[in-house]
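# A closer look at the structure
Chain by chain, the residues:
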Amino acid sequence: MSLRLGLAWASRGTCVALLAQRGTPASVVGLKGARLASSSTCPDHHYDLVISGGGLVGFAMACSLGHSQRLSDRKILLLEGAPNKPWQLPELFSNRVCALNARTRTFFRKLGVWEHIEHLRAQPVRRMQVWESCSEAMITFDGQEQDDSTIAHIVENDVTLHSIKRQIPEHVEVEYEAKVESYQIPKDTASKVVLTLADGRTISTDLLIGADGAKSLVRRSMGVQYLGWEYDQMGIVATLQLSEAVDNTVAWQRFLPTGPVALLPLSDDHSSLVWSTTREQATQLLGLPDEDFTEALNRAIWDDSEADSGVKSIHEAWLRVLETVVPGESAEIRQLPPSIAQVLPGTRGGFPLGLGHAVHYVSPRVALIGDAAHRVHPLAGQGVNLGFGDVAALTRCLENSVLLGAQLGDEQALYQYEKERQKYNVATMASIDGLYRLYNSASPPLVLLRSLGLSAVNAMSPLKRQIILHAES
Ligand SMILES: Cc1cc2nc3c(=O)[nH]c(=O)nc-3n(C[C@H](O)[C@H](O)[C@H](O)COP(=O)(O)OP(=O)(O)OC[C@H]3O[C@@H](n4cnc5c(N)ncnc54)[C@H](O)[C@@H]3O)c2cc1C
């Protein structure tokens, strides 16, 4: 009976049968039929804007749209597949953190998000030291030229998410446990986007924003080309207890031939680990007892046995040459990284790492943001910052198009967003992938070349300033 009803709905193109079945298992059958139906059938609800995916970037989008004066009369819905878990700041640090850059901070200040983050927990990074295991070369970045002398803040993802959610205006609707099963994407703006949820409901919208992560179903439904590959690497994350309390405001990153290991400050005596390494080594490291893992980590940070003596002497000569070219600038003030007392029990986790980029971020009535559009290696701490940059740019683009009288979802207007963001995101992704490849080798000629290059860049303050400015824009 239910099956017949569902098929009848699909073939006749009326809403009656689907509405009659909603909430019963039979409605799923009706739903599957609905996928065959055209979008001229009547969906259960209509929203001006629907954001699919409530991760950091999706919620930031909901917050940003909700605060926009120009879009204040629009009906906005965010759909998140996972349940809404009550959250309170735990005593223990979470092992999932992100380095939020100055541009993200400014954006969050405008939305009132930043003060919640600061009130909860955020550790400033005032200096970064990057060096490698195969030579003595290193580069440092200082935050002295920033307003508050910070390069970035290390913030737990839960703290960021909770702070964004607190600032979402009431007129923005948020639904949890609302997994979208399929999207009907129109070929042009004459039709609307229709979403079908796992519970059988259908929703139409003028503009669908895909914020559903790296495996985005929105992106696949758009049919855009996605270029990408997996690095043969995993990122191991963990929370670390330092051997002693220090002024812990330096982010440390050491490149090993197997991948970079980074210590990100959380408090005077805690840091967060992001250790990218081969899948094989990651599996082995994740299986070690805590004490052995701590020992392996201290070795990864301190061990100098991979340094090549030939490279070392040429590099020392190069530093002397640099000193004559840019006196005073090339002297490398090397700080010693902290030593790790222990990895906190139960905090280790592993994530596959890859690169991916959608050739187009938009199609009529659809826009992709965050990891749905681009995925990068975490070595530069840029992934979610790029996503927040998308949010700011898309909000501006929608405000402009409304001001000019265009309809929401107009492809030409959305194209401005794509153009602006691809220009920036592609350049950033290429730099990050280039860095990954440059440091993914222990071959002495390459080690020598990159060491000379790194020391030269380190000696040129204006160039370093440009690098920091790009990372923050
Ligand atoms: C080890 C590691 C370290 C990192 N460190 C940094 C860093 O220091 N700085 C930085 O900027 N970035 C960092 N990143 C990257 C950053 O974590 C990601 O870029 C960011 O979390 C992506 O957020 P998102 O909201 O786009 O996607 P996601 O977090 O993947 O969120 C997608 C959401 O969509 C929901 N969803 C998916 N499908 C559906 C559906 N069909 N229906 C409904 N909901 C759906 C999911 O439940 C999820 O909540 C790091 C990443 C890793 C792996």
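Residues numbered from 1 in each chain as written. Predicted model: local features only at pLDDT ≥ 70, side-chain atom pairs only at ≥ 80, totals over all residues. Heavy atoms only, no water.

Just so we agree on the cut-off: UniProt positions are given in the numbering used here, feature names are shortened, and annotations may be inferred rather than shown by experiment.
As recorded in an unreviewed UniProt entry, the protein goes by Ubiquinone biosynthesis monooxygenase COQ6, mitochondrial and comes from Scylla paramamosain. Quoted verbatim from the Pathway (unreviewed entry) field of UniProt, the annotation for the protein is "Cofactor biosynthesis; ubiquinone biosynthesis."

### Here we look at the overall build of the protein
We count it as follows: Secondary structure is summarised from DSSP: a helix means a run of H or I of at least four residues, a strand means a run of E of at least two, and numbering begins at the N terminus for each. By definition, residues are in contact when any of their heavy atoms lie within 4.5 Å. Only the protein chains shown count as covering a residue, and every accessible area follows the Shrake-Rupley method with a 1.4 Å probe.
Within the protein one finds 15 helices and 20 strands. Residue pairs in contact within the protein that sit at least 24 positions apart in sequence constitute 78% of those at least 6 positions apart. Taken as a whole, the protein presents about 21100 Å² of accessible surface, with 54% of it coming from carbon and sulfur.

### Some points on the site of the ligand
Inclusion rule: If even one non-hydrogen atom of a residue comes within 4 Å of a molecule or strand, that residue is called near it. N or O atoms closer than or at 3.5 Å make up a polar contact, with two conditions inside protein: a donor-capable atom paired with an acceptor-capable one, and, for residues adjacent in sequence, both atoms drawn from side chains. We call Asp, Glu, Lys and Arg charged. Ala, Val, Leu, Ile, Met, Phe, Trp, Tyr, Cys and Pro are nonpolar, and the rest, Gly among them, are polar. These domain limits were set by an automatic method or by a database of domain assignments.
Near the ligand there are 28 residues, and of these Glu80, Ala99, Val180, Asp371 and Val384 occur at the shortest range. Within the backbone of Ala99, one N or O atom sits 3.0 Å away from an oxygen atom of the ligand. Contacts to the ligand include Val180, whose backbone N or O atom sits 3.0 Å from a nitrogen atom. Isolated, the ligand exposes 1000 Å² of accessible area, and the fraction of that covered by the protein chains is 81%. Of all the secondary structure elements, the ones that give two or more residues to the shell around the ligand are α4 (56–67), β3 (97–101) and α12 (383–403). When its residues are assigned to classes, the shell around the ligand shows 13 nonpolar, ten polar and five charged. Composition of the shell around the ligand by domain shows at least three residues from each of domain 1 (2–87 + 169–228 + 353–429) and domain 2 (97–162 + 231–352 + 439–472).

### A word on the sheet that holds β3
Note the cut-off: At least two DSSP bridges between two strands are needed for those strands to be called paired. Every angle, taken between N-to-C directions, lies between 0 and 180 degrees, and every axis is a line fitted to C-alpha atoms, over only the stretch in contact when it is a helix.
Pairing is antiparallel in the open sheet, where three strands are placed in the order β3-β7-β4. The outermost strands of the open sheet, each flanked by one partner alone, are β3 and β4 (123–125). Between one strand axis and the next, the sheet turns through 30° on average, direction left out of account. As judged from the three bridges shared by β4 and strand β7 (residues 152–156), these two strands associate in the antiparallel manner.

### A short note on unusual backbone geometry
Located in the positive-phi region is Glu177, a residue other than glycine, with phi close to 50°. You can see Glu177 is positioned in the loop between β8 (172–175) and β9 (180–184).

### Observations regarding helix α13 (residues 411–438)
Inclusion rule: Expected helix span is given by 1.5 Å per residue-to-residue step, counting one fewer step than there are residues. Here the bend at a residue is taken as the angle between two axes, fitted respectively to the seven residues that end there and the seven that start there.
In a regular helix each residue adds 1.5 Å, so 28 residues correspond to 40 Å; α13 covers 39 Å between its end C-alpha atoms and thus fits that length. At Gln422, α13 shows its largest bend, some 30°.

### Some details on empty space enclosed by the protein
Using the following cut-off: Lining residues are defined by having an atom within 4 Å of a point belonging to a cavity or pocket. Those points lie on a 1 Å grid over the protein atoms alone, cavities being sets where a 1.4 Å probe fits but cannot get out and pockets being open sets with protein on both sides within 12 Å along at least five of seven lines. Grid points are joined across faces, edges and corners, and a volume is the space filled by probe spheres set on the points.
By the definition in use, this model includes three cavities of 30 Å³ or more. Taken as a whole, the second largest cavity holds about 40 Å³ of empty space. Taken together, Phe93, Arg121, Ala122, Gln123, Ile154, Val155, Glu156 and Leu266 form the lining of the second largest cavity.

### Description of the pairing of β3
Put simply, the test is: Under the scheme applied here, a residue whose accessible area is under 20% of the maximum for its type counts as buried, over 50% as exposed, and between as partly exposed, the area being computed with a 1.4 Å probe on protein chains only.
Buried residues dominate β3, accounting for four of its five residues. Strand direction decides the pairing type here: β3 and β7, joined by five bridges, are antiparallel. What sits directly across from Asn101, in β7, is Ala152.

### Regarding helix α5 (residues 102–111)
For α5, the set of buried residues is Ala102, Thr104, Arg105, Phe107, Phe108 and Leu111. For α5, the N-terminal cap is Asn101; the gap from its side-chain oxygen to the backbone nitrogen of Arg103 is 3.2 Å. One or two residues past the end of α5 sits Gly112, with phi positive at roughly 80°.

### A look at the packing of aromatic side chains
As a reminder, the rule being used: Only Phe, Tyr and Trp rings are paired, with Trp represented by its six-membered ring, and only when their centres lie within 6.5 Å; those with planes under 30 degrees apart are stacked, over 60 edge-to-face, the remainder tilted. Only when the NZ atom of a Lys or the CZ atom of an Arg is both within 6 Å of the ring centre and within 35 degrees of the ring normal do we say a charge sits over the ring.
With the rule as written, the count across this model stands at six aromatic pairs. Between the aromatic rings of Trp275 and Phe293, the centroid separation amounts to 5.9 Å while the plane-to-plane angle is 55°, which identifies the pairing as tilted. Of this pair, Trp275 sits in strand β15 (residues 270–278) while Phe293 sits in helix α10 (residues 290–302), and the two are 18 residues apart along the sequence. Of the residues examined, Trp275 reaches a relative accessible area of 2% and is grouped as buried. Three or more aromatic residues link up through ring pairs in this structure, and these residues are Phe107, Phe108 and Phe388. Above the face of the Phe351 ring, Arg96 is positioned so that its terminal group lies 4.0 Å from the ring centre. We note Arg348 situated over the ring of Phe293; from NZ or CZ to the ring centre the distance is 4.5 Å.

### Considerations on the pattern of salt bridges
Short version of the rule: In what follows, salt bridge is the name for a side-chain nitrogen of Lys or Arg lying within 4 Å of a carboxyl oxygen of Asp or Glu.
Overall, the coordinates contain 13 salt bridges when judged by the stated rule. Among the ionic pairs, Arg279 bridges to Asp232, the shortest N-O distance being 3.6 Å. Pair noted here: Arg279 is in helix α9 (residues 279–287) and Asp232 is in strand β12 (residues 226–242), with a separation of 47 residues, a long-range link. What makes Arg279 partly exposed here is its relative accessible area of 30%. Glu295 is the partner of Arg299 in a salt bridge, and the nearest nitrogen-oxygen pair spans 3.6 Å.

### As for the packing of α12 against α13
What counts here: By definition in this entry, angles of less than 35 degrees are roughly parallel, angles greater than 145 are roughly antiparallel, angles of 65 to 115 are roughly perpendicular, and the rest are oblique. Each crossing gets its handedness from the near helix: less than a right angle anticlockwise from the far helix is left-handed, clockwise is right-handed.
Following both chains from N to C, one finds α12 and α13 inclined at 160°, their axes separated by 9 Å at the closest point. When the axis of α12 is compared with that of α13, the two are roughly antiparallel. The interaxial crossing formed by α12 with α13 has right-handed handedness. Residues Leu386, Gly389, Asp390, Ala393, Leu394, Arg396, Cys397, Leu398 and Ser401 of α12 pack against Ala413, Leu414, Tyr417, Glu420, Arg421, Tyr424, Asn425 and Thr428 of α13. Residue classes in the contact of α12 with α13 are distributed as nine nonpolar, four polar and four charged.

### What about the environment of Arg126?
Secondary-structure assignment places Arg126 in the loop between β4 and β5 (127–132). C-alpha separation for the pair Arg126 and Asp142, spaced 16 residues apart in sequence, amounts to 6.0 Å. Setting aside residues no more than four positions away along its own chain, Arg126 makes contact with Phe141, Asp142, Gly143, Asp148, Ser149, Thr150, Ile151 and Thr249.

### A closer look at the environment of Val250
Mapped onto the secondary structure, Val250 falls in strand β13 (residues 250–256). Each C-alpha atom, one on Val250 and one on Pro337, is 8.6 Å from the other, the two residues being 87 residues apart in sequence. Residues contacting Val250, with those up to four places away along its chain left out, are Arg127, Gln129, Leu263, Pro265 and Gln335.

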